[in-house]
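An overview of the molecular structure
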Amino acid sequence: MRIKSSKLFEEVVVTVLIAIMTILASSAAFAFPVRRAFVGCHYPSISKATRARCAVNYKPRHRYYHSSTSLPVKNDANDAANNTDNEEKRKAYLAVGSNMGDTYQNIANALSSLQSNGSIKLLQTSLLRTTAPMYVTDQPNFLNGAVQVETSLPPFELLSAIKQVENDLGRDLSGNSQRYGPRPVDLDILLYDGYDVTTSEGTAAETIGENDLQPNALVMHQPSEKLIIPHPRMQEREFVLAPMMDLEMGGGGNEITHPVLNKSMKELLMMLIKNNAKSSNSDDGEEEYPPAHRVLPLPRGRMLVFNETIIQGILNVTPDSFSDGGKFSKSVEDALAQALQMEKDGAGIIDIGGESTRPGAEAVGIDEELRRVLPIIERIREESDIPISIDTRNARVAQAAIEAGADIVNDVSGGTHDPEMLPSVALMGVPMILMHMRGNPKTMQALTNYTKNDGVLSGVVIELTARSKAAEAAGIPRWLQVLDPGIGFAKDVDGNLSLIKGAGVIRANCGNMPFLFGPSRKGFIGKVTGETDPAERDFGTIAACLVSIENKEEIRDACNILRVHNVKAVKQAVLTYEAIQKAKME
């Protein structure tokens, strides 16, 4: 076990700083009440100069994560039934983590339990990351994220609810467990809206006024009750700041500001990364800080780790797909052989489809689609545990495929074709790929007119963001979503080229969500190259794939999936490209 003494010193520094801030605030503006040695103060009362003096940099740390249960978002009807009209709602940010057992399921269960009585409502989730442990390093990696909630509970009651959930899920809160040691679930209050603290004598301060309504404004220091807000060590933890930056990006670009340090989550994260890099490059014996990797939780405790670009191999079991129609639809064993070969060639996912969605394609009956896809899913599961996505627009097919052993739902309609799709995926608690498309396969190529004010990039961003929010509202958290800009779907040649060139712009404006790109053998490549045979378009496919993942905007933690027919060719190209990108210019 290794515990750095410098970390303990930093804890003391942070605690003292917040205590000083509290004293300054209480003497500067109002008389704040004291309750059981508690001093409550509000960030708006702290001067900018004081906040600037406390904008101290702290050193770093890290941690680690899976899926099967959805995270239901309470609706207004439930809220009305469980809360009185005079209960004031505030927003808070919580850190969530686990490094024991089925880590994702632990987090999902914890969030579900928190919402069980209607006093806490999940609003938004970050993405998830596996991170190495800090302080006590000889333990499993952690799965970490952050969430925004709305609650009618004041801070102490929220803390009590959190501790009850942790206790119910098996965390040892007796005080006898190892500090910073392994835990089945870990929930922490990071930030809380400005709160008008009350005592038995009544309202704490009559002069708080409008400033009390500022978001994330509460500054609270009560070590005896183990509650300090903002969390005193959040600025030294990448596994907290990175998910908080996800929430910052996913909230329409609105900054989430630390009420003491007066810096956004992005600013704090960049400062921390810079300090980590300096420490790692120094000769003072400091250990390197292992990177955090974003992940996509899968059923049965498995995960897709975005430590590299993931290749998704296409397996169409249809008689009429544009590139390989009929090739694997007649024999389950032939389809199995192709799936296993793609896995050997480097595929991280096998995408199975039983309905062609090429331009002009006719819809296939659900029973026929099931007849095509279920046997091959079941057969692959007898031979391999490779992640499987089911390419379908129909909820019934998605449900049956997941039950047969598939892991991910890939819907080219983004959940618009079947109104039961989003609720069904939420109930199953599996990841979903949401693609941008207008109309349906039969009509989409007549819907490629993006106006000057609504160009293809902005149009895709607006419409894809709306689908992501609809999925989240249905109970599919952002950390179970992958977005697909829909190359070849309701786009003409110029639109497809713009989409690929602007892939980084789309990603940045969609909150840096994981993205899937599917240019493989598409018609626009044929138009550009003059190649009429789709099977001969793999060279153009490689070019389109590499530009899609180029990351000109230098977006941190960019996550990519490439959906392709020729897995081996694209895998080799991507490995070479990424090795060149990482090479040092000496």
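Refer to the structure presented above.
Since the model is a prediction, treat every value here as computed from it, not as a measurement. Residue positions are given per chain, counting from 1 as you read along its sequence in written order. Given that the model is predicted, a residue must reach a pLDDT of at least 70 before its local features are reported, and side-chain atom pairs must reach 80 or more before they are shown or counted; all residues, however, enter totals for whole chains, interfaces and linings. To obtain the side-chain values, all non-hydrogen atoms of the structure were used and water was disregarded.

Focus: the overall build of the protein
Runs of E in the DSSP output that reach at least two residues are strands. Runs of H or I that reach at least four are helices, and both are numbered from the N terminus. Helix and strand counts for the protein stand at 17 helices and 21 strands. Residue-level accessible areas treat just the shown protein chains as cover; the underlying method is Shrake-Rupley with a 1.4 Å probe. Total accessible area on the protein stands at roughly 24400 Å², and carbon and sulfur atoms take up 51% of it.

Looking at helix α17 (residues 567-582)
Any helix carries an expected span of 1.5 Å times its number of residues minus one. Here α17 contains 16 residues, and its C-alpha end-to-end distance of 22 Å stays within 8% of the 22 Å for a straight helix at 1.5 Å per residue. Three labels apply to residues, based on accessible area from a 1.4 Å probe with only protein chains included: buried if under 20% of the type maximum, exposed if over 50%, partly exposed otherwise in between. Within the sequence span of α17, burial applies to Val567, Val570, Lys571, Ala573, Val574, Tyr577 and Glu578. What you see down the axis of α17 is that its buried residues fit within an arc of 165°, all on one side. Each element contacted by the buried residues of α17 is listed here: β14 (310-316), α8 (332-345), α16 (538-548) and β21 (560-564). Working definition: the arc comes from the directions between the helix axis and the C-beta atoms, pointing outward to the latter. Residue contacts are counted whenever heavy atoms from the two residues lie within 4.5 Å of one another.

Observations regarding the packing of aromatic side chains
Side-chain rings of Phe, Tyr and Trp (the six-membered ring for Trp) are treated as a pair once their centres are within 6.5 Å; stacked means planes under 30 degrees apart, edge-to-face means over 60, and tilted covers the remaining angles. As enumerated under the stated definition, the model contains two aromatic pairs in all. Judged by centre distance (5.9 Å) and plane angle (20°), the ring pair of Phe515 and Phe517 falls under stacked. Each member of the pair, Phe515 together with Phe517, is buried.

Here's the deal with the environment of Met100
Mapped onto the elements of the fold, Met100 is located in the loop between β3 (90-98) and α4 (103-114). For the pair Met100 and Pro182, spaced 82 residues apart in sequence, the C-alpha to C-alpha distance is 6.5 Å. Those residues within four positions of Met100 in sequence are excluded, and the remaining contacts are Asn106, Pro182, Arg183 and Pro184.

Considering the packing of helix α11 (residues 421-428) against helix α12 (residues 456-474)
One can describe the packing of α11 onto α12 by two numbers: an axis separation of 9 Å at closest approach and a directional angle of 55°. Here α11 is positioned oblique relative to α12, judged by the angle of their axes. Like other packed secondary-structure pairs, α11 and α12 cross with a definite hand, here right-handed. Contacts between α11 and α12 involve Leu422, Pro423 and Ala426 on the former and, on the latter, Arg467, Ala470, Ala471 and Ala474. Asp, Glu, Lys and Arg are counted as charged, while Ala, Val, Leu, Ile, Met, Phe, Trp, Tyr, Cys and Pro are counted as nonpolar; the rest, among them Gly, fall into the polar class. By residue class, the composition of the contact of α11 with α12 is six nonpolar, no polar and one charged. Between N-to-C directions, angles cover 0 to 180 degrees, with each direction set by a line fitted to C-alpha atoms, over the stretch in contact for helices. Angle categories are assigned with fixed cut-offs, so that under 35 degrees is roughly parallel, over 145 is roughly antiparallel, 65 to 115 is roughly perpendicular, and the rest are oblique. Should the near helix be turned counterclockwise from the far one by less than a right angle, the crossing is left-handed, whereas a clockwise turn marks it as right-handed.

With respect to the nonpolar core
A general feature of soluble globular proteins is that nonpolar side chains tend to end up buried together. Judged by nonpolar contacts, the single largest core of 106 residues is most densely connected at Leu158, Leu315, Ile352, Ile380, Val409, Trp479 and Leu562. Filtering out sequence-adjacent residues up to four positions away, Ile380 remains in contact with Leu315, Leu336, Ala339, Ile352, Ile386 and Ile388. As used in this record, nonpolar core signifies buried Ala, Val, Leu, Ile, Met, Phe, Trp, Tyr and Cys residues forming a set joined through side-chain atoms within 4.5 Å.

Describing the pattern of salt bridges
By convention in these notes, a salt bridge is any Lys or Arg side-chain nitrogen within 4 Å of a carboxyl oxygen on Asp or Glu. Evaluation of the coordinates by the stated rule reveals 24 salt bridges. Here Arg129 ties to Asp246 by a salt bridge, and the two come within 2.6 Å at their closest N and O atoms. Placement of Arg129 in strand β5 (residues 128-131) and of Asp246 in helix α6 (residues 238-250) is noted, with a sequence separation of 117 residues between them. The two residues Arg129 and Asp246 agree in class, both being buried. Linking Arg371 and Glu368 is a salt bridge whose minimum nitrogen-to-oxygen distance equals 2.6 Å. You can see Arg371 and its partner Glu368 sitting in helix α9 (residues 366-383), three residues apart, about one turn around the helix. With relative accessibility at 55%, the residue Arg371 sits in the exposed group. Residue classification places Glu368 among the partly exposed positions, given a relative accessible area of 28%.

Interpretation note: all reported values are geometric properties and have no functional meaning in isolation.
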